[in-house]
Amino acid sequence: MTYAITQTCCNDATCVAVCPVNCIHPTPEERAFGSTEMLHIDPRACIDCGACADACPVDAIFPVDALSAGQREYADINAAYYEGAEPAPEVAGPNFHVWGEPVFGRSLPSDFGPLRVAVVGTGPAGMYAAQDLLLHTAAEVTLIDRLPVAGGLVRYGVAPDHPGTKKVGDTFSRFHAHPRVRMHLGIEVGRDVTAQELAAHHDAVVYAVGASTDRRLGIPGEEGPGCLSATSFVAWYNAHPEAVAQGVDLSAERVVVVGNGNVALDVARILVADPEALAGTDIAAHALEALRASRVREVVVLGRRGPGDAAYTRSELLALKRLEGVELVVDDHDPRTAAAIDAAGAGDRAGLLRGLARVRTAAVSPGSGRGVGRRIVLRFHSEPVEVLADGGGRAVRVTDGGGGTVDLAAGMLLRAIGYRGLPVPGLPFDEASGTVPHEGGRIAGLPGGYVVGWIKRGPSGGIGANRTCAAETVGTLLADAVAGALPAPTGDAKAFRRLVRRRNRRVVDARGLAAIDRAERDRGRRDGRPRVKLATVEELVATARAGRVLRLTR
């Protein structure tokens, strides 16, 4: 029996590295790597060894005969990827397949000394870079984050009903207490320390600060009440300390989401999911309470282009089709939508919508009376042109298939049209792309400075894409070190620790982070949940201090 990769595939290719028969593709060396939605196991070559499942950081790989009813289609998806492909040539001998020539991308001299590297940001990009340095060199790594807790996108960006994806955080957390790691959480570059001070105490600095803001729609009424970025909404239901106070109004029956990527589907799904199903996740306590009282019955997801051009992945759409108690329908206001769905092949993105009910979205909201269910409406070939608000309520004016517009009553508009990076004081910044200019990860005009993740390449690619991105940046850093191109630091690790403690008395270290983790898991056990997150900076810092003092007094 073969194995199959399922929905939560993170694309970091850990499974590729351990497969003894090279049956997982595309590999990082192949052109398609990074452009496919997920990796695939060739059922013709798989020998059922299970090495890939053991190595998978997000528990996405299972034996085909162990797939649940909702996952069975992934066996077909894996097999379909190889349809029409030439079978691998048979090889006489014990190796099962043809091996390529060995490639050694890095070459370090035998007397290569330990480096002291600061990594700013503890999300996937930063932690992949730290992992690379710790596993393959003798580097000492300083982990820095502006929040008093580590995790970044894994903690605050992954939807709470995707626990498998969150498990990649366990892979990263084992490095938090590594003997060659020093952690300073709650430190912000530009506020507590400068980029120049960081550089003065380290051989190199890797910035993995992500893309923390969102793109604007540029339409009238966008800045008014009832309009919110998906970035803020995701942060709210994930207990981000900077999003707790804002609150979210869920008193209306319809929400309009602009965008049709995975984030748009995430927020739509959370808005109409059964709160009791979410009660077993790590969703923020305040968000769970608000969703239990929510009146939202319908979410309309607007896509500017057609169903064949949607940005969401097939796996996320398939998960939406299986959402219990929620109807997924297609708005057929534009004849191009139905034509694209009917003409699409079975494996095409538009073809996945075949069989869904086709409706016309009413101008008024659906109501919340008895018998009215919850639903998500995918409305293609439509975009917002204005947000309207008066004493009678709110509406979103959207384009119609006939060249006109229609006003959809909606209590809230969520924009999910992409993220954007923000400037880091002391670093160059490209306003057009929202990234730091670089060459292979090396910051232009800043010796010893490097970037990785979305601040390097823009907001594209999921968690696993950061692994190859980090490998490139770390490779560039090490090449510069070998060439003697890194500026020599003038301060040591102790001097840097004294500096940050002097600037910010609320710094959280590895022991404090462990105390936060214990407290959240203890709260979760009492409520039958994996964890209950501490939702404010004050709670996080106080818990870190209390836990640290308790351990020191034992």
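Everything below is about the structure printed above this text.
Each value, and the rule that gives it
- Residues numbered from 1 in each chain as written.
- Predicted model: local features only at pLDDT ≥ 70, side-chain atom pairs only at ≥ 80, totals over all residues.
- Heavy atoms only, no water.
- Buried < 20%, exposed > 50% of the residue type's maximum accessible area, 1.4 Å probe, protein only.
- Helix = DSSP H or I, 4+ residues; strand = E, 2+ residues; numbered from the N terminus.
- Right-handed = clockwise from strand over helix to strand, strands pointing away.
- Phe/Tyr/Trp six-rings, centres within 6.5 Å; stacked < 30°, edge-to-face > 60°.
- Pairing = 2+ DSSP bridges.
- Axes fitted to C-alpha atoms, helices over the stretch in contact; angles between N-to-C directions.
- Contact = heavy atoms within 4.5 Å.

A. Inspection of the pairing of strand 5 (residues 116-120) at higher detail. Burial analysis of strand 5 places five of its five residues in the buried class, which makes it a mostly covered element. Handedness of the crossover is the feature at issue here: the chain leaves strand 5, passes through helix 4 (residues 124-136), returns alongside strand 6 (residues 140-145), and the resulting connection is right-handed.

B. Molecular detail of the packing of aromatic side chains. Tallied over the entire structure, the rule returns five aromatic pairs. Relative to Trp236, the ring of Phe233 has its centre 5.5 Å away and its plane inclined at 25 degrees; by these criteria the two rings are stacked. Here the residue Phe233 and the residue Trp236 both occupy positions in helix 9 (residues 230-237), the gap between them amounting to three residues, near one helical turn. In terms of burial, Phe233 and Trp236 fall into one category: buried. Joined through ring pairs, the aromatic side chains of Phe233, Trp236 and Tyr237 make up one cluster.

C. Seen up close, the sheet that holds strand 14 (residues 357-359). Within the open sheet, the seven strands sit side by side as 10-19-11-12-15-13-14. Their pairing is parallel. Taken across any chain shown, the strands that pair with only one partner, and hence form the sheet edges, are strand 10 (227-229) and strand 14. Mean inter-strand twist for the sheet, computed between neighbouring axes without regard to direction, equals 25 degrees. Bridge count for strand 11 (residues 254-258) against strand 19 (residues 412-415) is four bridges, and the pairing is parallel. The residue of strand 19 that forms the bridge with Val257 is Leu414. Each of strand 11, strand 12 (298-302), strand 13 (326-331), strand 15 (374-379) and strand 19 touches helix 10 (residues 262-272); the most contacted strand, strand 15, lies at about 155 degrees to it.

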